[in-house]
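# Overview (structure and organization)
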Protein chains: 2
Amino acid sequence: MSTKRVEQLHAQGLRTRASLLEVAREAFEESRDVSLNSIAKRAGVGIGTLYRHFPTREDLVFELYRDQVQRLTRASGELLDEHSPQEAFRLWLERFARYAMTKAGLLEVLRTATAHGRFAQVGRGPVADAVEHLLVANQQAGTLRADLTADDVLLAVAGLYQLDPSAEDWERRAHRLLDLALCGLRPRD
Amino acid sequence: MSTKRVEQLHAQGLRTRASLLEVAREAFEESRDVSLNSIAKRAGVGIGTLYRHFPTREDLVFELYRDQVQRLTRASGELLDEHSPQEAFRLWLERFARYAMTKAGLLEVLRTATAHGRFAQVGRGPVADAVEHLLVANQQAGTLRADLTADDVLLAVAGLYQLDPSAEDWERRAHRLLDLALCGLRPRD
DNA sequence: AACTTATCCGGAGAACCCTCCGCCAAACAA
DNA sequence: TTGTTTGGCGGAGGGTTCTCCGGATAAGTT
C-alpha cells in the first residue's frame, strides 16, 4: 500500500522538521528575538523549507512549546484533585503567568493568537478548555460568578500580556493583577 | 539673535513635517496598516526625512492622535464635574475603549507603549494622570479600593487591548470586561 | 529500464523597516 | 564676495518577512 511510501516520504520531511525544531529551541534559548532566516541557516536548510513546515512564525513557536502547553492544560485536572476549586484556579493562573513570562516568545504568540481568533484552534482549544474546567468547578462550589464564560476570564487576566518578562517586578505585578481580577470574578454578595 | 534664524530653518522642516502628518492621516484612514515607505513617497519626501521627523512608527501615530488623546485626558475633569465619581470613571473608561478601538493604529501603539514603559513619557503621562485623577476622586468617595494605583487600573482593563476592533462584538465584550474589572476594583465589604 | 507523479527542497525576489552618510542650500562670518 | 557652519534632505544598503516556482529525488507504473 501507500502507507509505507507515505511514511518514507515523510521520513525526510520529519527529519528536517525535527532539525528545525531543535535549532529553533536552541536559538530561542539564546535570545528571545531570532530571525527565521538565521534558524533556517543554522539548520542548513533553505528559508522556503522552513516556511513550508511552519507557515507562520507562530506556528513554529507553538510547536516548540506544544508539550509545555499540554502539560499546563493537563495541570488543571491535577490541581483540582489536590486543592479546593478556588485554590486550584489561583494556582493554575499563576502557573499560566509563569509559563507566559518564562518561555521566550510564548507570551507574544499567546497574546496575538488570542486577539485574532486563530488561537481558537491551536491554543484556545486546550487552554480555554482548561479554563472552562476550572471555571465550572468553581461555579459549582459557588466561588466564581455563575454567568462567566472562559472568554470573560481570559479577558480579565489579559493584563498579564502587558507585563514585561525582562523587568524585575513582573511577578509582583502579576500577583497584584490576579488579586484584582479574581476579586471581580467572585460572586457579588 | 539666532531666534529668527532658528525659526526660518524650522520653517522648512515644519512644512515637510506637516505634509507628512497630513498624508499619514489620509493614509491611515484608508487602511489601518500602511507602510512608512508609502507615506514618505506620497508626501514626496525621502524615507530618511520621515525617519528624522518621526524616529519610530509610534512617534508618528502618537503625533497623529495627540490632540485626540489630549481631549480624552481632559475629559476626565469634565466628567468628574458633571457626574458622580463612579459614573465618571465608568464613562471615561468607555470613552477610552472607544478611542482605542476606533482610531486605526492607536490601539496597538497604546498597548506596546504601555508594555515597554516608553509610554511613560509620551502617553502614560497624560493618560495615567487622567486615571490618577479619576482614581483619587473615587477613593475619596469610597467607590474604589484605597490601595489602588493607576498602574493597577490600567492592568485591570488591559483586556481592552485584546479586543479586535474589526469584530462586530467588540463593544459588547468591552462592556462586559469593564463590568468585571470594575467589580474587582471596588472596595471589599 | 524508461516514464510519471508526488513530495520535498532551495533560493531568488518583492516588500518592508530602519540606519547611515553624503549632499544641498540657507545663514552667518570674514 | 567668499568661505564656513548648520539644519534639513534623499536614498543606498543591510537585514527581515514571506511568496513562489523550478529542480531534485524517490515511489509507483508500464
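These figures come from a predicted structure and were not determined experimentally.

### Structural notes on the overall build of chain A
Along the backbone of chain A there are 10 helices and 0 strands. Along the chain direction, N to C, the helices and strands of chain A fall in the order α-α-α-α-α-α-α-α-α-α.

### Topic: the packing of helix 5 (residues 85–102) of chain A against helix 10 (residues 170–185) of chain A
Residues and elements named next belong to chain A. The contact between helix 5 and helix 10 brings their axes to 11 Å, and the two run at 140°. Crossing of helix 5 against helix 10: the hand is right-handed. Contact with helix 5, carried on its side by Arg 90, Leu 93, Glu 94, Ala 97 and Met 101, involves Trp 170, Ala 174, Leu 178 and Leu 182 of helix 10 and no other residues of that element. By residue class, the composition of the contact of helix 5 with helix 10 is 7 nonpolar, no polar and 2 charged.

### A look at the relation of the copies chain B and chain A
With an RMSD of 0.1 Å, chain B superimposes on chain A once it is rotated by 180° and translated 0.0 Å along the axis. Such a combination of turn and shift is consistent with a two-fold rotation axis. In terms of C-alpha distance to the rotation axis, chain B has Gly 184 of chain B as its closest residue, with the C-alpha 1.7 Å off the axis. Both copies present the same face, since 90% of the interface residues in chain B are matched by interface residues at the equivalent positions in chain A.

### With respect to the interface of chain B and chain A
Taken together, the contact pairs 20 residues of chain B with 18 residues of chain A. Taken together, the residues of the side of chain B that touches chain A break down into 10 nonpolar, 5 polar and 5 charged.

### Side note on the environment of Val 34 of chain B
All names here are of chain B. Along the polypeptide, Val 34 turns up in the loop between helix 1 (3–30) and helix 2 (36–42). Among the residues examined, Val 34 registers 20 C-beta atoms within 10 Å and is labelled buried. The sequence separation of Val 34 and Thr 49 amounts to 15 residues, and the corresponding C-alpha distance is 17 Å.

### Thoughts on the nonpolar core
If you look at the biggest cluster of nonpolar residues, it comprises 105 residues, and the most contacted ones within it are Val 157 of chain A together with Val 157 of chain B. Among all residues touching Val 157 of chain B, those that are not within four sequence positions of it are Leu 93, Leu 177, Leu 178 and Ala 181 of chain B.

### Describing the confidence of the model for chain A
Residue and element names in this part refer to chain A. Per-residue confidence for chain A gives a mean pLDDT of 86; residues scoring 70 or more make up 88%. Scored below 50 in pLDDT, residues 1–5 shows 0 contacts in the model against residues more than four places distant or in partner chains. Between residues 118–123, whose pLDDT stays under 50, and residues either more than four places distant or in other chains, the model counts 11 contacts.

### Comments concerning the environment of Ala 141 of chain B
For Ala 141 of chain B, the location among the structural elements is in helix 8 (residues 124–141). As a C-alpha pair, Ala 141 of chain B and Glu 22 of chain B span 119 residues in sequence and 44 Å in three-dimensional space.

### A few points about helix 10 of chain A
An α-helix turns once per 3.6 residues; consequently, residues spaced three or four apart project the same way. Between its terminal C-alpha atoms helix 10 of chain A stretches 22 Å, which fits the 22 Å expected from 16 residues at 1.5 Å a residue. For helix 10 of chain A, the set of buried residues is Ala 174, Leu 177, Leu 178, Leu 180, Ala 181, Gly 184 and Leu 185 of chain A. Elements in contact with the buried residues of helix 10 of chain A: helix 5 and helix 9 (150–156) of chain A together with helix 9 (150–156) and helix 10 (170–185) of chain B.

### A word on helix 5 (residues 85–102) of chain B
Its 18 residues give helix 5 of chain B an end-to-end C-alpha distance of 25 Å, which sits within 8% of 26 Å, the value for a rise of 1.5 Å per residue. Considered for burial, the residues of helix 5 of chain B that qualify are Pro 85, Ala 88, Phe 89, Trp 92, Leu 93, Phe 96, Ala 97 and Ala 100 of chain B.

Thresholds, definitions, all that
- Residues numbered from 1 in each chain as written.
- Chains lettered and ligands numbered in written order.
- Predicted model: local features only at pLDDT ≥ 70, side-chain atom pairs only at ≥ 80, totals over all residues.
- Helix = DSSP H or I, 4+ residues; strand = E, 2+ residues; numbered from the N terminus.
- Axes fitted to C-alpha atoms, helices over the stretch in contact; angles between N-to-C directions.
- Left-handed = near helix turned anticlockwise from the far one by under 90°.
- Contact = placed C-beta atoms within 7 Å.
- Nonpolar A, V, L, I, M, F, W, Y, C, P; charged D, E, K, R; others polar.
- Least-squares fit on C-alpha atoms with pLDDT ≥ 70 in both.
- Buried ≥ 20, exposed ≤ 12 C-beta atoms within 10 Å, placed from the backbone.
- Core = buried A, V, L, I, M, F, W, Y, C linked by C-beta atoms within 7 Å.
- pLDDT = per-residue confidence, 0-100.
- Expected span 1.5 Å × (residues − 1).

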